[in-house]
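Residue-level structure breakdown
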Amino acid sequence: MELNFTITQKNPASRYINVTLQLQNVNQKRLTLLLPRWRPGRYEMGHFSKNIQNFRALDSKGKQMLVMKNNAYTWEIFNDNSDTTVLVEYNYYANEYNAGACFANEDILYFNPVHLLMNIAPTNDHQKTKYIIRLDIPKHYKIITSLKVIKNTITSYDYDELLDSPIIATPYVQSFSYKIDEYKFYVHHIDLHQKYIDFNKLKPDFEKFTKQILRFWGNAPFKEYHFIIHSLPYSYYHGVEHLKNTVIVIGPHHQLMNKLYDELLGIASHELFHAWNIKTIRPKQMFPYNYYTENYSELGFIYEGFTTYYGDKLLWQSGVFSTEQFFRCINERLNRHYLNGGKYSQSLLNSSIDTWVDGYVNIAPHKKVSIYDEGCILA
Ligand SMILES: [Zn+2]
């Protein structure tokens, strides 16, 4: 089976990304397309199908086919005439500018494939499926991704890798690279105004903590790694880890190299550490990831808390953070620990399970503990 996606923006101001999916070598009378319900890195349901608009399927003659939904994340296509080619079209509303979501307008096309690239059921048959993603974008746009791109086209046989690889196309990007041992690192800075970034300051610091993290682990699960930094004009702080890249969204951009600089380094180091701790080594309940249901684990304090501790500690050991800066990070965690009555209510293990219901929001006061804070203190 071959899944041939084309991604474009017919009307960029609408914030809709237009997706066409051509299915070739079809041999089923019923085709089921599935969209992930959550994304690795955020252990709660994302319900990405809420952004899917105008879904339809056409046969090889262009005739609309019957489509039924049995639940919020599957689309069943009735291929009664046994067509070998089916064209699916849908739009994705991309209006959430954070490190794990999608945003598209006149200046940028940015998406995390886990939000909008559907897969065909059964999904355990990955090896035989070929995924092609063609980006139909303006000529002057640059493409940023850790996937291999040839003439605006990405080819993959690995759905997991595809979902783990955000894709950005924009003219508003500047990049630099450096090498540590045999590993190559890229730093991309995306902003309408490049005047707020100072690569001369950034580069030596990134080199130092990268080297320290590599020394800590010995070797890396990648050959190339991409730090993808979006600077926004308003206050923001978010990072998402992947095996071969991270997306960081931070702002306000005019504070990037001063007030926010420690935070930028903190997220970058944390997310790089995740390339090992969660992307390579992770609870067996998440191996492989099941994108269609909760992946419960009690070990959130290891994959988030230990990452928080070592992210900061290795910044300190690399000389990028002073002792005071490192202690400030630890002090912040201790403060939150002492002030949170949730430690008398729910264990760390249960709070890890419950990220799926309240891990990223405060609903009931003093009900839970933070896997980040407690895990960091434990480490
Ligand atoms: Zn993390």
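A closer look at the domain arrangement of the protein
When the domains of the protein are assigned, the result is domain 1 (2-170), domain 2 (173-274) and domain 3 (296-378). Taken residue by residue, the interface counts six residues in domain 1 and five residues in domain 3. Summed over both sides, the interface between domain 1 and domain 3 buries roughly 630 Å², with carbon and sulfur atoms accounting for 61% of that surface. Considering only the surface of domain 1 that becomes buried against domain 3, Arg42, Tyr43 and Glu44 emerge as the three largest contributors, covering 80% of it. Across the contact surface, domain 1 and domain 3 share zero salt bridges. Viewed at the interface, domain 3 and domain 1 are joined by three residue pairs in polar contact (both at pLDDT 80 or more). When its residues are assigned to classes, the side of domain 1 that touches domain 3 shows three nonpolar, one polar and two charged.

A word on the coordination of the zinc ion
Taken together, His270 (NE2), His274 (NE2) and Glu304 (OE) make up the full set of protein donors to the zinc ion, lying 2.0 to 2.1 Å away. One chain supplies every donor to the zinc ion, and in sequence these donors are spaced H-x3-H-x29-E. Taken as a pair, histidine 270 in helix H4 (residues 261-274) and glutamate 304 in helix H5 (residues 300-317) lie far apart in primary sequence, 34 residues in all. Each member of the pair histidine 270 and glutamate 304 is classed as buried.

Let's talk about the packing of helix H3 (residues 199-217) against H5
Look at H3 against H5: their axes get within 9 Å of each other, and the N-to-C directions meet at 115 degrees. When the axis of H3 is compared with that of H5, the two are roughly perpendicular. Of the two elements, H3 crosses H5, and the hand of that crossing is right-handed. Between H3 and H5, the residues in contact are Phe209, Gln212, Ile213 and Phe216 and Tyr310, Leu314, Leu315 and Gln317, respectively. Taken together, the residues of the contact of H3 with H5 sort by class into six nonpolar, two polar and no charged.

A few points about the side chain of asparagine 112
Along the chain, asparagine 112 falls in the loop between strand E9 (109-111) and helix H1 (113-116). A residue is classified by how much of its surface remains accessible, and asparagine 112, at 1% relative accessible area, is buried. Here glycine 100 takes part through its backbone oxygen, which lies 3.5 Å from a polar atom of the side chain of asparagine 112. Only 3.1 Å separates the side chain of asparagine 112 from the side chain of tyrosine 110, close enough to count as a polar contact. Sequence-distant contacts of asparagine 112, defined by excluding residues within four places in its chain, comprise Ala99, Gly100, Ala101, Cys102, Pro166 and His242.

What to know about the packing of aromatic side chains
Applying the stated criterion to the full structure yields 42 aromatic pairs. Ring geometry for tyrosine 183 and phenylalanine 222: centres 6.0 Å apart, planes at 70 degrees, overall edge-to-face. In this pair, tyrosine 183 sits in strand E17 (residues 183-190) while phenylalanine 222 sits in the loop between H3 and strand E18 (224-231), placing the two residues 39 residues apart along the sequence. As far as burial versus exposure is concerned, tyrosine 183 and phenylalanine 222 are alike and both buried. Arginine 282 extends its terminal NZ or CZ atom over the ring of tyrosine 289, reaching a point 3.9 Å from the ring centre.

Overview of the nonpolar core
Core analysis: the largest hydrophobic core is formed by 56 residues, its most contacted members being Ile7, Ile17 and Val88. Leaving out residues up to four positions away in the same chain, valine 88 has contacts with Val19, Thr20, Leu21, Leu23, Leu33, Phe55, Arg56, Ala57 and Ile77. Counting 37 residues, the second-largest nonpolar core is a separate cluster that includes Tyr178, Leu202, Tyr261 and Ile267.

A short note on the sheet that holds strand E1 (residues 2-8)
Pairing in this open sheet of seven strands is mixed, and the strands run E4-E7-E2-E1-E11-E14-E13 from one edge to the other. Edge positions in the sheet fall to strand E4 (52-58) and strand E13 (149-150), since each has one partner strand and no second. As judged from the seven bridges shared by E1 and strand E2 (residues 16-24), these two strands associate in the antiparallel manner. Note that in E2 the partner of threonine 8 across the bridge is asparagine 18.

Some points on unusual backbone geometry
Residue glycine 251 is joined to proline 252 through a cis peptide bond whose omega torsion reads 5 degrees. Inspection of the secondary structure assignment puts proline 252 in the loop between strand E20 (245-251) and H4. One non-glycine residue, histidine 366, lies in the positive phi region at around 50 degrees. As for its position among the elements, histidine 366 is in the loop between helix H8 (355-358) and helix H9 (371-378).

Observations concerning the pattern of salt bridges
Within this structure, the stated rule accounts for eleven salt bridges. A salt bridge links lysine 367 to aspartate 354, with the nearest nitrogen and oxygen atoms 2.9 Å apart. Highlighted residues: lysine 367 in the loop between H8 and H9 and aspartate 354 in the loop between helix H7 (348-353) and H8, separated in sequence by 13 residues. Sharing partners across several salt bridges, the network here consists of Glu332, Arg333, Arg336 and Asp373.

About the cut-offs
- Residues numbered from 1 in each chain as written.
- Predicted model: local features only at pLDDT ≥ 70, side-chain atom pairs only at ≥ 80, totals over all residues.
- Heavy atoms only, no water.
- Domains from an automatic or database assignment.
- Contact = heavy atoms within 4.5 Å.
- Buried area = accessible area lost by both parts, 1.4 Å probe.
- Salt bridge = Lys/Arg side-chain N within 4 Å of Asp/Glu carboxyl O.
- Polar contact = N/O pair within 3.5 Å; in protein donor to acceptor, adjacent residues only side chain to side chain.
- Nonpolar A, V, L, I, M, F, W, Y, C, P; charged D, E, K, R; others polar.
- Donors = N, O, S within 2.8 Å, 3.2 Å for Na, K, Ca; no water.
- Helix = DSSP H or I, 4+ residues; strand = E, 2+ residues; numbered from the N terminus.
- Buried < 20%, exposed > 50% of the residue type's maximum accessible area, 1.4 Å probe, protein only.
- Axes fitted to C-alpha atoms, helices over the stretch in contact; angles between N-to-C directions.
- Parallel < 35°, antiparallel > 145°, perpendicular 65-115°, else oblique.
- Left-handed = near helix turned anticlockwise from the far one by under 90°.
- Phe/Tyr/Trp six-rings, centres within 6.5 Å; stacked < 30°, edge-to-face > 60°.
- Lys NZ or Arg CZ within 6 Å of the ring centre and 35° of its normal.
- Core = buried A, V, L, I, M, F, W, Y, C linked by side-chain atoms within 4.5 Å.
- Pairing = 2+ DSSP bridges.

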